[in-house]
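# Residue-level structural notes
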Amino acid sequence: MPDHFTLLLEWRRNEAAARGLAKLPHDFYPATTAYLADVRRSYESELRENPSGRKGEISRQTYQRASQVARDIVEGRVQKTLSAAFQASVGGARDLPNALNEERALFDEVLAALLTHRRSSAAYLEPTWSGSVPPAPHPAPPSSGPASPPPAGPPPSLPAAPPAARVSGPLTYVRILKDGRPIEVGKETIDLRADDVLSLPSETAKLLVDAKVAELVAPGPARTVT
């Protein structure tokens, strides 16, 4: 079986080549942590015994290279996980194939934080937001005498509350900078492919621009998807 350093090199190649999360063993995080700790103990022990020895220096270089390779793998997977959480927060799918337990937990936490932010700070981004708040009822003035009994008969029926109005607004044209996960706009699902020009609701377009997934463009008919 290949040693852990060789496996790290192979996993980094696979991660760089995959659009989504590449497949890793379920114990990648604890096994890599234990491997790096063991290599560090080894080279520190060798250098204490023989500071000018070649074996200790080789072990130290192996530790540095392995640490960098592991960092590349983790940072690449974190970036993909954060991007998937953002796409899910604007209506994309919530599945995360090949995610390890640690990454699934990160995805769920980030998604929850993004949804909480939208609802608390930008409620107008929610599709059922009506934009109006009913006034608080005024209390009835106190009566100077005893209350009269209510008239006999069935209680009057209350009118049904009107449904909340769906927010509508002008469309904004954006150009997709890089491929991404599909997003839902109304009842449609739109694929995000580099160089596509889309006409989207302004709030959805702003989210994509803020995430550096797209850039604003002037309205034009070329390759427009509605």
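Every value quoted in this text rests on a predicted model; they were computed, and no experiment measured them. (Residues numbered from 1 in each chain as written. Predicted model: local features only at pLDDT ≥ 70, side-chain atom pairs only at ≥ 80, totals over all residues. Heavy atoms only, no water.)

### Observations concerning the overall build of the protein chain
- A count of helical and extended segments in the protein chain gives five helices and six strands.
- Along the chain direction, N to C, the helices and strands of the protein chain fall in the order α-α-α-α-β-β-β-β-α-β-β.
- Counting only residues that meet the buried cut, the protein chain has 28% of its 226 residues in that class.
- Carbon together with sulfur atoms contributes 57% to the accessible area of the protein chain, which is approximately 15,300 Å² in total. (Helix = DSSP H or I, 4+ residues; strand = E, 2+ residues; numbered from the N terminus. Buried < 20%, exposed > 50% of the residue type's maximum accessible area, 1.4 Å probe, protein only. Areas by Shrake-Rupley, 256 points an atom, 1.4 Å probe, with all protein chains shown as cover.)

### Comments concerning the pairing of strand E1 (residues 171-176)
- As judged from the five bridges shared by E1 and strand E4 (residues 197-201), these two strands associate in the antiparallel manner. The partner of leucine 171 across the bridge, within E4, is proline 201.
- Where E1 lies against strand E5 (residues 214-216), three bridges are found, and the strand directions are antiparallel. Within E5, the position partnered with isoleucine 176 by the bridge is alanine 214. (Pairing = 2+ DSSP bridges.)

### Points about the environment of valine 209
- Locating valine 209 in the fold gives a position in helix H5 (residues 202-210).
- For valine 209 and isoleucine 176, which are 33 residues apart along the polypeptide, the C-alpha to C-alpha distance reads 9.0 Å.

### Looking at the packing of aromatic side chains
- If you walk through the whole model with that rule in mind, you get three aromatic pairs.
- Taking 5.6 Å as the distance between ring centres and 80° as the angle between the ring planes, the aromatic pair formed by tryptophan 11 and phenylalanine 28 counts as edge-to-face. Taken together, the residues span a long stretch of sequence, with tryptophan 11 in helix H1 (residues 4-17) and phenylalanine 28 in helix H2 (residues 28-49) at a distance of 17 residues.
- The exposure class assigned to tryptophan 11 is buried, which follows from its relative accessible area of 10%. (Phe/Tyr/Trp six-rings, centres within 6.5 Å; stacked < 30°, edge-to-face > 60°.)

### Some thoughts on the nonpolar core
- Core analysis: the biggest nonpolar cluster contains 17 residues, and Leu8, Trp11, Phe28, Tyr35 and Ile73 have the highest contact counts within it.
- Every element with two or more residues in this core is listed here: H1, H2 and helix H3 (54-89).
- The biggest single contributor to this core is H2, with six residues.
- Excluding residues that lie within four positions of it along the chain, phenylalanine 28 makes contacts with Leu8, Trp11, Ile73, Val74 and Leu100. (Core = buried A, V, L, I, M, F, W, Y, C linked by side-chain atoms within 4.5 Å. Contact = heavy atoms within 4.5 Å.)

### Topic: unusual backbone geometry
- For asparagine 98, which is not a glycine, the phi torsion comes out positive at approximately 65°.
- With respect to the helices and strands, the residue asparagine 98 is situated in the loop between H3 and helix H4 (101-121).

### Considering the confidence of the model for the protein chain
- This prediction gives the protein chain a mean pLDDT of 78; 73% of its residues lie at or above 70.
- Of all secondary-structure elements in the protein chain, the lowest mean pLDDT belongs to strand E6 (residues 224-225), at 44, while H1 reaches the highest, 96.
- Below pLDDT 50 for its whole length, residues 156-168 participates in nine contacts with residues either more than four positions away or in separate chains.
- Every residue in residues 220-226 scores below 50 in pLDDT, and together they form 13 contacts with partners more than four places removed in sequence or on other chains. (pLDDT = per-residue confidence, 0-100.)

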